[in-house]
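One-letter residues, chain by chain:
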Amino acid sequence: MIDVSRGRLRRTAVLTAALAVALGFTACSVDDGEKQGAVPSGKKIRIGFVNGNRIEFHMCLEKALQARAAQKGVEVVTANSAADPTRELANIDDMIVKKVDVIVVQTVHVDALRGGVSRANRAGIPIFLTGVTGGIDQSKILGAVVADVNQVGSSLGAWLAQDTGGRPAEVAVIGGAPGGAAELMTAAFKKSAGTQAKVVFEQPAFWQRAKAQDVAENLLQARPRVKYVFVHNEDMAFGAEAAFRAARRTDIEILSNGGTPDGVQAIKAGRFAVTVSNTPKDIGEMAVENVVALLRKEPSAKKIDNVPQLVVTKANTDKAPPYCAV
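Below is a summary of the structure that appears in this document. Predicted, not measured: the structure shown is a model, and the values here were computed from it.

Taken in spatial order, the six strands of this open sheet run 7-6-8-9-10-12, and their pairing is mixed. Among the strands making up the open sheet, the edge pair consists of strand 7 (197–204) and strand 12 (310–312). The mean angle between the axes of side-by-side strands here comes to 20°, regardless of whether they run parallel or antiparallel. Relative to strand 10 (residues 274–277), strand 9 (residues 253–258) runs parallel, the two being bridged by four bridges. Along strand 10, the bridge assignment pairs L255 with V274.

Following the sequence through the fold, V173 ends up in strand 6 (residues 169–175). Residues V173 and F230 lie 57 residues apart in sequence; the distance between their C-alpha atoms is 4.8 Å. Sequence-distant contacts of V173, that is, excluding residues within four places in its chain, are made with T186, F189, V199, F201, E202, Q203, F230 and H232.

What follows covers the state of the cysteines. Enumeration over the complete set of coordinates arrives at one disulfide. One disulfide in the model links C60 with C324; its S-S distance is 2.2 Å. Judged by the sign of its S-S torsion, about -110°, the bond between C60 and C324 is left-handed. With C60 in helix 2 (residues 56–72) and C324 in the segment after strand 12, this pair connects stretches of sequence that are 264 residues apart. Judged by its relative accessible area of 5%, C60 is buried. Owing to a relative accessible area of 26%, C324 belongs among the partly exposed residues under this scheme.

Spanning 13 residues, helix 8 (residues 234–246) covers 18 Å between terminal C-alpha atoms, matching the ideal 18 Å at 1.5 Å per step. Those residues of helix 8 that sit buried are E234, M236, A237, F238, G239, A240, E241, A243 and F244. Against strand 6, helix 7 (209–222), strand 8 (228–231), strand 9, helix 9 (261–268) and strand 10 lie the buried residues of helix 8. Sitting at the head of helix 8, N233 places a side-chain oxygen 3.4 Å from the backbone nitrogen of D235. One or two residues past the end of helix 8 sits R248, with phi positive at roughly 60°.

This part takes up helix 2. Between its first and last C-alpha atoms helix 2 spans 24 Å; for 17 residues at 1.5 Å apiece the expected length is 24 Å, and the two agree. Within the sequence span of helix 2, burial applies to H58, C60, L61, E62, A64, L65, R68 and A69. In this fold, the buried residues of helix 2 make contact with strand 1 (46–51), strand 2 (75–80), strand 3 (102–105), strand 4 (127–131) and helix 10 (280–295). Phi turns positive, to about 70°, at G73, one or two residues after helix 2.

Examined against the element boundaries, N278 turns out to sit in the loop between strand 10 and helix 10. Of the polar contacts made by the side chain of N278, one reaches the side chain of N257; its length is 3.2 Å. When residues no more than four places from it in sequence are discounted, the contact partners of N278 are V152, N257, G258, V307, P308 and Q309.

Turning to the packing of helix 7 against helix 8, a few remarks are in order. Where helix 7 contacts helix 8, the axes come no closer than 7 Å and their chain directions differ by 40°. Taken together, helix 7 and helix 8 sit at an angle that is classed as oblique. Read as a crossing pair, helix 7 and helix 8 show a hand that is right-handed. Each of R209, A212, Q213, A216, E217, L219 and L220 in helix 7 lies in contact with helix 8, whose residues at this interface are D235, M236, F238, G239, A240, A242, A243 and F244. Of the residues in the contact of helix 7 with helix 8, the class split is ten nonpolar, two polar and three charged.

Summarising the sheet, strand 1 and strand 2 pair through six bridges and their orientation is parallel. Along strand 2, the bridge assignment pairs R46 with E75. In this view, the connection linking strand 1 to its parallel neighbour strand 2 by way of helix 2 has right-handed handedness.

Each strand in a sheet pairs with another by means of backbone hydrogen bonds, the pair being arranged parallel or else antiparallel. Spatially, 2-1-3-4-5-11 is the arrangement adopted by the six strands of the open sheet, whose pairing is parallel. Strands at the two margins of the open sheet, each flanked by one partner only, are strand 2 and strand 11 (304–306). Strand after strand, the sheet turns through a mean of 15° between neighbouring axes, direction not considered. Looking at chain direction, strand 1 and strand 3 are connected through four bridges and run parallel. Considered in strand 3, the bridge of F49 is made with V104. Against the sheet, helix 2 makes contact with strand 1, strand 2, strand 3 and strand 4, and its axis sits at roughly 175° relative to strand 1, the strand it touches most. Against the sheet, helix 4 (residues 110–123) contacts strand 3 and strand 4, and its axis sits at roughly 155° relative to strand 4.

The rules behind each value
- Residues numbered from 1 in each chain as written.
- Predicted model: local features only at pLDDT ≥ 70, side-chain atom pairs only at ≥ 80, totals over all residues.
- Heavy atoms only, no water.
- Pairing = 2+ DSSP bridges.
- Helix = DSSP H or I, 4+ residues; strand = E, 2+ residues; numbered from the N terminus.
- Axes fitted to C-alpha atoms, helices over the stretch in contact; angles between N-to-C directions.
- Contact = heavy atoms within 4.5 Å.
- Disulfide = S-S within 2.5 Å.
- Buried < 20%, exposed > 50% of the residue type's maximum accessible area, 1.4 Å probe, protein only.
- Expected span 1.5 Å × (residues − 1).
- Polar contact = N/O pair within 3.5 Å; in protein donor to acceptor, adjacent residues only side chain to side chain.
- Parallel < 35°, antiparallel > 145°, perpendicular 65-115°, else oblique.
- Left-handed = near helix turned anticlockwise from the far one by under 90°.
- Nonpolar A, V, L, I, M, F, W, Y, C, P; charged D, E, K, R; others polar.
- Right-handed = clockwise from strand over helix to strand, strands pointing away.

Here it is in structure tokens:
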């Protein structure tokens, strides 16, 4: 009986070791994201891109990443998580099995992102983030290209303070989803809007145009004297604007974020007052440039890079950068 048990234990140990080797797990690669993945100059880089959704922003991001990768002679393997955190983890696992040189992730959810980073670390494959870092320990990732949501909020708050001229004004916020980037953006907005701008209404619309229209209708019932509304992205802003137009409240100034062609056109037409441009085209292109530089250990490589932002008003719509790759 004892001999049989020992035999089983030995066979189990052998199988476990074999599995670890097959999956490429090594003790030295665990939780060491920033030191992984140097790729010799003569080897073609293979990127695994895990996208988060199929809405306009995400598809423009993917298109820009693929176009810049083609220019750089880099191969891209794509997967889409369709806003499902479980699928995001499965997609990262699949990229590990495919043994890509680096995994680039536009995350669905911070918790999924943490799990994905941990899995990539254990597999010895560097992971690079787009859009946000989600509070991830920077020592666990190769790098990131991020949109500074604090800067977005601060810029729009400063615009509001200037537009009111220091006069009291009732302000509403129609946010994205509770937590993370949305809360940071709102906090920065409130801080720079000045003491005379009073936020009297704040409710999330979960990044959905139809939901934003419902929230805006509730806003008009609850706070009919509101003058300014900060909506976290332009798609939701169009929903809010539809509610205001239906109520004949064209006096309400809409502040938003994105820089889409429709958003810039809304600025030109006076339907929105101001937006902040931070485009997926820039994010995708910068991600490829930085990934290549970091993997090649180039002196100019940036671990964390911020996407350029432009406050767009009717006075400078002609300077708004392209939102999507051609």
